[in-house]
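# Tertiary structure, described
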Amino acid sequence: MSGCPDPRVPGGPLADRWRRHREAMPLISPQRKAQLRLLVVGTGLAGASAAATLAEQGYRVRVLCFHDSPRRAHSVAAQGGINAARPGAIDGDSVSRLFADTLRGGDFRAREAGCHRLAEISSGIIDQCVAQGVPFAREYGGTLATRSFGGTLVSRTFYARGQTGQQLLYGAYQALMRQVEAGRVELLSRRDVLEIITVDGVARGVVCRDLLSGALEVHTAQAVLLATGGYSNVYFLSTNALKSNASAIWRAHLQGALFANPCFTQIHPTCIPSGDAYQSKLTLMSESLRNDGRVWLPLRPGDDRDPARIPEQERDYFLERLYPSYGNMVPRDLASRRARELCEAGHGVGPGGRSVYLDLRDAIASAGRDVIEARYGNLLEMYERISGADPYTTPLRIYPAPHYTMGGLWVDYQLMSSIPGLFVLGEANFSEHGANRLGASALMQGLADGYFIAPLTVTAWLAGHGTPSVDEAHPACREALSRTAARIDALLQRPGPRPVDAFHRELGAVMIRHCGISRDAKGLRSGLGEVEQLEQRFLTEVRVPGHSEGPNPELEKALRLSDFFGLARLMLRDALVREESCGAHFREEHQTPEGEALRDDANFAHIAAWEHRPGAEPLRHAEPLAFTLLQPSTRNYR
Amino acid sequence: MSSRTLSLKLRIWRQDGPGQPGDFREYQLEAVSADLSLLEALDQLNERLIEAGERPVNFEHDCREGICGSCGFLVNGQAHGPRQATSVCQLYLRQFQSGATLTLEPWRASAFPPVQDLVVDRSALDRLIAAGGYCSVNTGQAVDGNAMLVGAEQARSAFDTATCIGCGACVASCRNASASLFVAAKLAHLGQLPQGQPERARRARALQQRMEEEGFGSCSSNLECEAVCPKQISADWISWMYREGRRTAG
Ligand SMILES: Cc1cc2nc3c(=O)[nH]c(=O)nc-3n(C[C@H](O)[C@H](O)[C@H](O)COP(=O)(O)OP(=O)(O)OC[C@H]3O[C@@H](n4cnc5c(N)ncnc54)[C@H](O)[C@@H]3O)c2cc1C
Ligand code: SF4
Ligand code: FES
C-alpha cells in the first residue's frame, strides 16, 4: 500500500467548498475555446449532457458512442427516479439531509466533499431537465410530484412514471442533437473505443473500431472524457443492457489510470429471477414497487403452496420483522442479503427456491387496482410479459441481481483520472456512491457530472495546461493503433470450437459465486484461480468467426470479454484485500452477531485505488477519507 | 414460468451487406424453452451457427427490456411480431405454437438502408430530432421547475407521447414508409408542455420538412403505424400534427 495522487479536494467549510472553488476556477475565452477539440466517449446521461454543455460553451466536440443512436444508451433503462433536495420541501428534506443520506448510504466509503456537492447541485438538475421538456410526474395542482425510495425517510425522488431514465436521457439527447445541428458537435455513432492514446502521460485521444466497416480509427483531442457506463456485465447475467462494457475504462487503466474500489458492486434486490440456461439478462423491477409491495416468504421451509393459499400467520414479512423503522424500504444490500439467506435456508420459492415474493395484494386492496396500475403499470406489464404470470393476482417473484458498479476509474474532485487530461463521468467513475448506492442517485450523479461539474473542471484544466495538438501520425497514435490491430488479429485466429458467450456465462457464474452478494477469503482466492484458468481456456478454445472488415458482433463480444477477464481478477483481488464489510461488500468473516456488515474504520476508511503494473501484480494505493460534518456511524435501519 | 419446450422453424433474411443479394434461409430449433424470448432463441441459434463455422445472424438489440428501441424486425410480416404493444425483445416463445414457422426480415424503407441480415440504419430518425425536436435551452439558465405549473393530466399526456423509443416500426409498417407517427409524437410531447411553446411553430415546420428531405413518405392514414407501435402512441397525434402545421402556416 502506498500514497495516492492528490484528490484535489478544496479546503474550508464543507457547505460552500464547491461554490468557492467554482468561483476561483480559471476561464477560457470563447475564441480560444473554438480552437480546442474535446472527445466525449459515451452518450448516456453523463456523456450526452457533458457533450451538449461543452459544445454550448463553444468547444469543438467530437462524440463517439457504441450504439447506432445516442438515444439508446443504457441510461434509457433507469426506471425509478432521480433524487433532489428541493428548497422548501415540507417533509423536512434539505441539502444537508440528502448529503447525510448519501454518505451514510454509501457506508462512509465516499468522499464527503463530493457527496455534499452532489446534494447542492441536485435541485438545479431538476430545473434544467424540466426546462428541456422532461415530463416529470406532477401533482394535480401542477407542481412536481415526488415519491420515496429505498434507504431514505423523505420523499425526494422525482420521476416520469417508471421511465425516468428514458425521459432524462431524451432530454440530454435532444440537447446534444441541437448542438449537432448547429455544427458544434460531430457525432460518430457505432464506434467501439478500444484503446486510449497518451502522449507524455497526458490523454490525447482514442482508437476505435467502426462497427459497420470494421476500420480502426484514431481520434485526437486536447482532452478526453469517458462516460462509458458501468461494468456489471462482468457477471453475464445482470440488469445492464447487453452492450454495457468496461473496454474504454479498462484500457485506460492499462495505460495508467487508477481503478478505484472495483469490488463494490450493487446487487439489486428486486429483479425477475433467472430461469433458462440461455437467458441473456435479468430484468429489474424498480424498487419503488417496495413502496407498495410487501416482501415475504413462507415461514415453513419448502412450502410450495400457491401463495394465495398461505395464510397470514404462516407468512414471514422478514424485512418488516427485522427492520421495523425502514421495513420494506431498507437499502439494497440489506434487502438482498436477507433474501439470499432465507432462500439458502430453504424458505425460497420458485424454481430452485431462488426467489421471494413481492406482494401487491394489500396495496391493491387499500388503494385500488387503478391507483397501483397508474403507479407501476408499465413495470407490471413487463413482469407479466417476461414471467408469464399476472402480478395483480399473484405476488411477483423477485431475486437479487448484479446491477450497478460503484467502482470505476479513480477521479479527483475535478473528475479527472490519474492520467492528466482524461476525465471520467457517470457510472464509469467511482465517485460519490461509496460502498453502496442509494436508489435514484446514479441519474443524479451522471447529470451533475455532465451538466454542471465537468464543463467547469475541464475548462479549468485546459486553461492551465499547454495544449499541443497531436495528429494521427504521432508515434503514440500509431502504437495504440497497432496494439488494437494486433489484439483483433489474435482473437480472429483462435482455432477453438466454442462461442464467446459460453465463456462469458462461465465467467459470470464464477463471479456471482465468489464475488456476489457475499464473499469470503477462501472463495475469492479460488475465484482468482478459476478466472485465470478460464481466460487461458478462452485464449485457446474460443472461436470468433468472420473477419475484421464489416460488421462482426462476435468480434465485438470477444473484445469486450477479453477485457472483463482482467477486470474480474481485479475485483476479486480488491474484495480479498478489503478485510471488512461495508455496504454492498459483505465479507462473511466480518459481521456483527446480528449478521450485519461490520466496518473497520481504523484500517479501511479509504478508497482503494489500483495501479496496473505491466508484468507485475497490481499495486494498491489508499486515499484516506476524512469526515468533518458527519462522523462514521453504524448504519442502522432497524 | 413453465417448463414447456417447443420446436420452431425460423425463416431468416440473410444479406451480407448493403447492395448485396439477400435471401431467406431456414433453420430448425428443437426443444427450446417457451420461457425464452425470441432474441434468446436467436442467441441459441447463433451459438450453433458459430460452432458449425457459419456466420451468425446479425440483429440489433441492447436493453432486452423494451425500452432502448434497438431491436426490431418483421415477424411473419408484422413489425415486432404478433403481440400488441411489444418490442421484439419482449416477445416470448410461449406466445407461439410448437411447430410454427416464423419468418424474420428487416424493416424495409428507403430511409432505412440495410446493414446486414436483420439490421438497418435508422440514423434518419436522429436527423429528424436534430432538425428541431428539442427545447432550445442552455445549461445553467433554467428557472425553478415549479415556476411552470403543468397539470397532472397534461404531464401524463405529454409523457405518453414522449415514450416513443425510436424503433422505426411505424415507418416499416407504413406502405409509404412515412415517419409521421414518430414526428407527431415528438411534436406532441413538446407541444403539450409550456416549455415547448416558444418554438412550437418553427419545430413543426422544421420536422415535417426534414421528414421529406430524408426520404420518408407521406401519411395516407392507414393506421398501421399505431397498430405496431410498441409504446401504443395514438395515430390521433398525426391529425394533431397536421392541425399544428396549418396553425403555423397561418
Ligand atoms: C435497469 C436499471 C434501472 C436503473 N434505475 C435507476 C434509477 O431509477 N435511478 C437511478 O438513479 N439510477 C438507476 N439506474 C442506474 C443508472 O441508470 C446508470 O447508472 C446511469 O444511467 C449510467 O449512465 P452513464 O451515462 O454513466 O452511462 P450509460 O448510460 O451506460 O452510457 C454509456 C455510453 O457509453 C457508450 N459506450 C460504452 N462503452 C463504449 C465503448 N467501448 N466505445 C464507445 N462507446 C461506448 C455507450 O454507447 C453509451 O452511450 C438503473 C440502472 C439499470 C440497469
Ligand atoms: S412512434 Fe412507436 S413505432 Fe414509431 S418509432 Fe416511436 S415507438 Fe417506434
Ligand atoms: S433491445 Fe431494447 S427495446 Fe428491444
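Just so you know, the residues in each chain are numbered from 1, in the order the chain's sequence is written. The naming scheme follows written order: chains are lettered A onward, ligands numbered 1 onward. Residue-level local features of this predicted model are given only where pLDDT is at least 70; pairs of side-chain atoms are given and counted only at 80 or more, and the full residue set underlies all totals for whole chains, interfaces and linings. Excluding hydrogens and water, the side-chain figures rest on all heavy atoms present in the structure.

## Some remarks on the overall build of chain A
Across its full length, chain A carries 17 helices and 20 strands. For the radius of gyration, the atom set is restricted to C-alpha positions; the globular benchmark scales as 2.2 Å times the number of residues to the power 0.38. For chain A, the C-alpha radius of gyration of 24 Å lies close to 26 Å, the compact-globule estimate for 638 residues. Counting only C-alpha atoms, chain A reaches 75 × 60 × 50 Å along its principal axes. Per-residue burial for chain A yields a buried fraction of 67% across its 638 residues. Counting contacts in chain A only where the partners sit at least 6 residues apart, residues at least 24 apart contribute 73% of the total. Note on conventions: DSSP H or I runs of at least 4 residues are helices, E runs of at least 2 residues are strands, and numbering of each starts at the N terminus. The rule is simple: take the accessible area with a 1.4 Å probe, protein chains only, and divide by the maximum for that residue type; under 20% is buried, over 50% is exposed, in between is partly exposed. The contact definition used throughout considers only heavy atoms, calling two residues in contact when any of these lie within 4.5 Å.

## Digging into the site of ligand 1
Residues and elements named next belong to chain A. The local shell around ligand 1 holds 36 residues, among which T43, H67, S75, G80 and E427 are the closest. Counted as a polar contact is a pair of N or O atoms within 3.5 Å, where, for protein atoms, one must be capable of donating a hydrogen and the other of accepting one, and residues adjacent in sequence contribute only when both atoms are in side chains. A distance of 2.9 Å is found between a nitrogen atom of ligand 1 and a backbone nitrogen or oxygen belonging to G81. Mapped by element, the contributors of at least two residues to the shell around ligand 1 are α3 (45-57), β7 (191-199), β16 (396-405) and α12 (442-464). Considering every element that reaches the shell around ligand 1, the biggest residue donor is β7, with three residues. Of the residues assigned to the shell around ligand 1, the class counts are 15 nonpolar, 17 polar and four charged. A single heavy atom is enough: if one lies within 4 Å of a molecule or strand, its residue is considered near that molecule or strand. Note on residue categories: nonpolar means Ala, Val, Leu, Ile, Met, Phe, Trp, Tyr, Cys or Pro, charged means Asp, Glu, Lys or Arg, and polar means any other residue, Gly included.

## As for the site of ligand 2
Residues and elements named next belong to chain B. Around ligand 2, a shell composed of C164, I165, G166, C167, G168, A169, C170, L181, F182, C229 and P230 is seen. Broken down by secondary-structure element, the contributors of at least two residues to the shell around ligand 2 are α4 (169-173) and α5 (180-191). Looking at the shell around ligand 2 residue by residue, the class counts come to nine nonpolar, two polar and no charged.

## Remarks on the nonpolar core
Side-chain atoms within 4.5 Å are what join buried Ala, Val, Leu, Ile, Met, Phe, Trp, Tyr and Cys residues into a set we call a nonpolar core. Core analysis: the biggest nonpolar cluster contains 194 residues, and I82, F136, L226 and L507 of chain A together with F216 of chain B have the highest contact counts within it. Apart from residues no more than four positions distant in its own chain, F216 of chain B is found in contact with A111, F112, A124, L125, L128, V171, N176, A177, S178, A179 and M211 of chain B. Counting 38 residues, the second largest nonpolar core, distinct from the first, contains F318, A335 and L379 of chain A together with Y92 of chain B.

## Remarks on the pairing of β7 of chain A
Residues and elements named next belong to chain A. Burial within β7 is extensive, with nine of its nine residues counted as buried. In the sheet, β7 pairs with strand β8 (residues 202-210) via eight bridges, with the strands oriented antiparallel. Considered in β8, the bridge of D192 is made with R209. Between the end of β7 and the start of β8, which pair antiparallel, lie two residues, with D200 showing a positive phi angle near 50°. Note on pairing: two strands pair once DSSP finds at least 2 bridges between them.

## Description of the interface of chain B and chain A
Taken together, the contact between chain B and chain A spans 79 residues of the former and 74 residues of the latter. Buried area is understood as the total, over both parts, of accessible area removed when two parts are fitted together, assessed with a 1.4 Å probe. Both sides of the chain B and chain A interface together cover about 6,500 Å² of buried area, and 51% of this is carbon and sulfur. By definition here, a salt bridge exists when the distance from a side-chain nitrogen of Lys or Arg to a carboxyl oxygen of Asp or Glu is within 4 Å. At the boundary of chain B and chain A, one finds eight salt bridges. Linking R505 of chain A and E47 of chain B is a salt bridge whose minimum nitrogen-to-oxygen distance equals 2.5 Å. Remark: the boundary between chain B and chain A carries 42 residue pairs in polar contact (both at pLDDT 80 or more).

## A short note on the pairing of strand β1 (residues 37-41) of chain A
Within a regular beta strand, the side chains point alternately toward one face of the sheet and then the other, so they alternate between its two faces. Residues and elements named next belong to chain A. With five of its five residues buried, β1 lies for the most part within the structure. Residues R37, L39 and V41 point to one face of β1 and L38 and V40 to the other, with burial holding for every one of them. Across five bridges, β1 lies against strand β2 (residues 60-64) in parallel orientation. Among the inter-strand pairings, R37 is bridged to a residue of β2, identified as R60. When the strands point away from the viewer and the path from the first strand over the helix to the second turns clockwise, the crossover is right-handed. Where the polypeptide runs from β1 across α3 and back to β2, its parallel neighbour, the crossover connection is right-handed. Two elements, β1 and strand β10 (residues 223-226), share four bridges in a ladder whose sense is parallel. Looking across to β10, one finds that L38 is bridged to A223.

## Some words on the packing of aromatic side chains
Residues and elements named next belong to chain A. Working definition: rings of Phe, Tyr and Trp (its six-membered ring) pair if their centres are within 6.5 Å, and the pair is stacked with planes under 30 degrees apart, edge-to-face with planes over 60 apart, and tilted otherwise. Tallied over the full model, the rule gives 14 aromatic pairs over all chains. Aromatic side chains Y231 and F259 sit 5.7 Å apart centroid to centroid with 65° between the ring planes, which places their arrangement in the edge-to-face category. Of this pair, Y231 sits in the loop between β10 and α7 (247-254) while F259 is found in strand β11 (residues 259-260), placing the two residues 28 residues apart along the sequence. This pair shows no difference in class: Y231 is buried, exactly as F259 is. Measuring from centroid to centroid gives 6.2 Å for F423 and W461, while their planes differ by 75°, and the two rings are edge-to-face. Residue F423 is located in strand β18 (residues 422-424), and its partner W461 is located in helix α12; the two are separated by 38 residues in the primary sequence.

Don't take any of this as a statement about function, it's just geometry.
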